[in-house]
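A closer look at the structure
What follows is the residue order along each chain.
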Amino acid sequence: NLFAAMSDHKESDDSDSVDDTVPPMDKRWVIVDNIPELRRNEDYMTISKALEEAARKTAYHGSKKEPIVYIPHDKKVTKHSEDLFIDRCAIIQFGSEKDAVSFVKQYRSIPELKVLGRGLKAYTFRDVEKFDRVPDEYTKLTRDEFQDQRNLFWWLLDEENLAFRDQYAVRFTGPEFEETHVYWMDENEVKQGHALCYDASELKEERRNMTEQTIEWSPNGFYLLTTHLQGVQLWGGPSWQSLQKFEHFYADKMAFSPKETFLITCNSMPKTHNNERLPPTLKIWDVLTGDLLISAPQQKIGPAIKLKLPGWWPIFKWSADERYLAKVNSTKKMSAKASNLDIINLFEVRTRSDEEMQQSVDDGEAPLRFQISRSDKLSVGSLFDLDFSPTDNVLAYTSFAQNDDQAKVTLLAIPSRNSLRVQTLGFNVKKAHLYWQSQGRYCAINMGHSQSKSSTVIKEHSIGILTVKDKNMPFSRTDKLGMVTFFAWEPN
């Protein structure tokens, strides 16, 4: 075992030294694991060259020494051939620890390593030390220990009968770090102060912080999301553990599903990383397992990623039970303008059976818990906005007035596609934004009115409201209100 051999090397070096720390040479090592097997002897040079070129790309940050690549191998000589065999791992010695750490952080995005497959893993010697401290004998967690570590409802067990306290997070620049603190908001303590819940002290002891970028709460408050160059990370539980990491370079848009089962990430602008262009990409993740379910390039996302109209994010809208997704699209695809949106794509989320997951394992694939597939397509002329009810599988969408067609709002039952209500809004309504009330009782439409049927310039607004849970879904509207720049329902 390569890790065990390295651990033995460390112990032999330490025995002759008073200093307990890792020898400098070891800090510069990187272990690359799960490299592909050799199909022919020439593959050895291909793998070696790929690792050398990748190592050079991240080297010279802390040393001018050339990185050295060693691939443990063996030869099997027969009468007619001489074959090479490798242990599917390699050691790279960098000139400095900084170079080694830099390689481990960036290796997934280095183009030269793509020939070695997606299963590649890289570890610093510090990682190996951490693995070495894992006991040889497995000790099963008790039920209580597991619940304590992953209990996302821990805040309901608040001490001193202070249950249901709110929490809020603050980002600020401290004397050494970009700080992230989480506080309890105690009743009647607005003036007196606040109680600290978490300050990432254990990370600061390791000279790390939660993030140097942005933070965001999940809708139900179970997770605190932090953004990083490499992707996003979820924190939670009573000790604010790092519960999951999602690799998505330059992700700047995030959206959870209603029950926080899924997370959507997107880098909305093209970027360049290690001389490789990264076009806009949207990814859908399983929050619990960290599995990537969908990776959609710009062309698959559709024109919304290019147009970026007001309220364009999130592109995918979730149904209340997380079984369906919907997004706007166009028959003109990526060349579409705002007036050309005319398609609603519907997707179904299916839970895979145990047999299907086992078959994936047998086929050497990841045993994904869910499958997302396109289920339907609706043609809607002059499509403007769409959104699901937060409580029922009801999809609302609006269309703007164009030519001889009035603007209207339509409510559909999903998946049956039965029309529940169609309400005309007028010939001069050229914008119609949807706003569901949090209990799904009302659906508001912020209507932008032009001066005439042929004009597209918005001069004033009015608000229309459908009372969705009443018989016949009655519709009411306000008088003209001038220019309305913001609308929001009171929560709950």
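Here we summarise the structure given alongside this text. In this numbering scheme, every chain counts its residues from 1 along its sequence in written order. Restriction of local features to residues with pLDDT of at least 70 applies here, the model being predicted, together with a cutoff of 80 or more for giving and counting side-chain atom pairs; totals for whole chains, interfaces and linings are based on all residues. Side-chain metrics rest on all non-hydrogen atoms present in the structure, leaving aside hydrogens and water.

Now for the overall build of the protein. The helix count covers DSSP runs of H or I at least four residues long, the strand count covers runs of E at least two residues long, and both are numbered beginning at the N terminus. Scanning the protein from N- to C-terminus turns up 10 helices and 31 strands. Burial here depends on accessible area, computed with a 1.4 Å probe over protein chains only, as a share of the maximum for the residue type. Under 20% is buried, over 50% is exposed, and the range in between is partly exposed. In the protein, buried positions account for 44% of the 492 residues. We call two residues contacting when some pair of their heavy atoms lies within 4.5 Å. When contacts within the protein are restricted to residue pairs at least 6 apart in sequence, long-range pairs at least 24 apart make up 50% of them. Note that accessible areas follow from Shrake-Rupley with a 1.4 Å probe, and for residues the cover is restricted to the protein chains shown. Accessible surface for the protein amounts to roughly 27,900 Å². Of this, 49% is attributable to carbon and sulfur atoms.

This paragraph deals with the environment of leucine 378. Of note, leucine 378 is situated in strand β23 (residues 370-379). Look past the residues within four positions of leucine 378 in its chain and what remains in contact with it is Asp342, Ile343, Ile344, Leu346, Leu412 and Arg417.

On to the pattern of salt bridges. Salt bridge, as used here, is a side-chain nitrogen of Lys or Arg placed within 4 Å of a carboxyl oxygen of Asp or Glu. Counted by the stated rule, this structure contains 12 salt bridges. With a shortest N-O distance of 3.5 Å, arginine 40 and aspartate 43 are connected by a salt bridge. Arginine 40 sits in the exposed class, given a relative accessible area of 54%. Between glutamate 356 and arginine 350 there is a salt bridge whose closest N-O contact spans 3.1 Å.

This brings us to the packing of aromatic side chains. Think of it this way: a Phe, Tyr or Trp ring, Trp meaning its six-membered ring, pairs with another when their centres are within 6.5 Å, and the plane angle makes it stacked under 30 degrees, edge-to-face over 60, tilted otherwise. Applying the stated criterion across every chain, the model contains 17 aromatic pairs. With 6.3 Å between their ring centres and 5 degrees between their planes, tyrosine 223 and phenylalanine 256 make a pair best called stacked. A residue pair is termed long-range when its members are at least 10 positions apart, and tyrosine 223 in the loop between β10 (215-217) and β11 (224-227) and phenylalanine 256 in strand β14 (residues 253-256) qualify at 33 residues. Note on tyrosine 223: relative accessible area 8%, which makes it buried. A residue is classified by how much of its surface remains accessible, and phenylalanine 256, at 11% relative accessible area, is buried. With a centroid separation of 5.7 Å and 65 degrees between ring planes, the pair formed by tryptophan 312 and tryptophan 313 is classed as edge-to-face. Residue tryptophan 313 is classed as buried on the basis of its relative accessible area of 18%. Following the ring pairs from residue to residue traces out a cluster consisting of Trp154, Trp184, Tyr198, Trp217 and Trp240. Geometrically, a lysine NZ or arginine CZ counts as sitting over a ring once it is within 6 Å of the ring centre and also within 35 degrees of the ring normal. Directly above the aromatic system of tryptophan 312 lies the positively charged group of lysine 308, at a separation of 5.4 Å from the ring centroid. Just above the ring of phenylalanine 427 sits the side chain of lysine 453; from NZ or CZ to the centre is 5.1 Å.

Our focus in this paragraph is the sheet that holds strand β26 (residues 407-413). A pair of strands is labelled paired if DSSP reports no fewer than 2 bridges between them. Spatially, the four strands line up as an open sheet ordered β24-β25-β26-β27, and their pairing is antiparallel. In the strand order of this sheet, the two ends are held by β24 (383-388) and β27 (419-426), each with one partner. Between one strand axis and the next, the sheet turns by 15 degrees as a mean value, whatever way the strands run. One ladder, built from six bridges, connects strand β25 (residues 394-399) with β26; its direction is antiparallel. When the sheet's bridge partners are listed, leucine 395 is paired in β26 with leucine 412. Throughout, an axis means a line fitted to C-alpha atoms (over the contacting stretch in the case of helices), and angles, computed between N-to-C directions, take values from 0 to 180 degrees.

This brings us to the environment of lysine 327. Topologically, lysine 327 is positioned in strand β21 (residues 324-329). Spatially, the C-alpha atoms of lysine 327 and isoleucine 344 are 5.7 Å apart, while their sequence positions differ by 17 residues. Not counting residues up to four positions away in its chain, the partners in contact with lysine 327 are Lys300, Ile301, Gly302, Ile315, Phe316, Ile343, Ile344, Asn345, Phe347 and Leu386. Nitrogen and oxygen atoms within 3.5 Å of one another constitute a polar contact, given that in protein one can donate a hydrogen and the other can accept it, and given that sequence-neighbouring residues count only through two side-chain atoms. In this structure the side chain of lysine 327 is engaged in a polar contact, spanning 3.1 Å, whose partner is the backbone oxygen of isoleucine 301.

To qualify as a nonpolar core, a set must consist of buried Ala, Val, Leu, Ile, Met, Phe, Trp, Tyr and Cys residues joined through side-chain atoms within 4.5 Å. Ranked by size, the top nonpolar core spans 37 residues in total, and within it Ile284, Trp313, Ile315, Leu325, Ile344 and Leu395 carry the most contacts. With residues near it in sequence (within four places) discarded, leucine 395 still touches Ala326, Ile344, Leu346, Leu386, Asp387, Phe388, Thr410, Leu411, Leu412 and Ile414. Among the nonpolar cores identified, the runner-up in size contains 27 residues, and Tyr44, Ala50, Ala55 and Ala122 belong to it.

Moving on, we come to the sheet that holds β10. Taken in spatial order, the four strands of this open sheet run β10-β11-β12-β13, and their pairing is antiparallel. The sheet terminates laterally at β10 and β13 (241-247), the two strands that pair on one side only. With strand direction ignored, the average angle separating the axes of adjacent strands in the sheet is 25 degrees. One ladder, built from six bridges, connects strand β12 (residues 231-236) with β13; its direction is antiparallel. Paired with tryptophan 235 across the strands is serine 242, a residue of β13.

Another point: unusual backbone geometry. Residue proline 314 follows tryptophan 313 across a cis peptide bond; omega there is 0 degrees. For the bond running from isoleucine 414 to proline 415, omega is 15 degrees, close enough to zero to count as cis. Here proline 415 lies in the loop between β26 and β27. At alanine 200, a position not held by glycine, the phi torsion is positive, near 60 degrees. With respect to the helices and strands, alanine 200 occurs in the loop between β9 (195-198) and α7 (201-205). Looking at alanine 200, the relative accessible area reads 5%, which means it is buried. Of note in the backbone geometry, methionine 473 takes a positive phi value of approximately 50 degrees without being a glycine.

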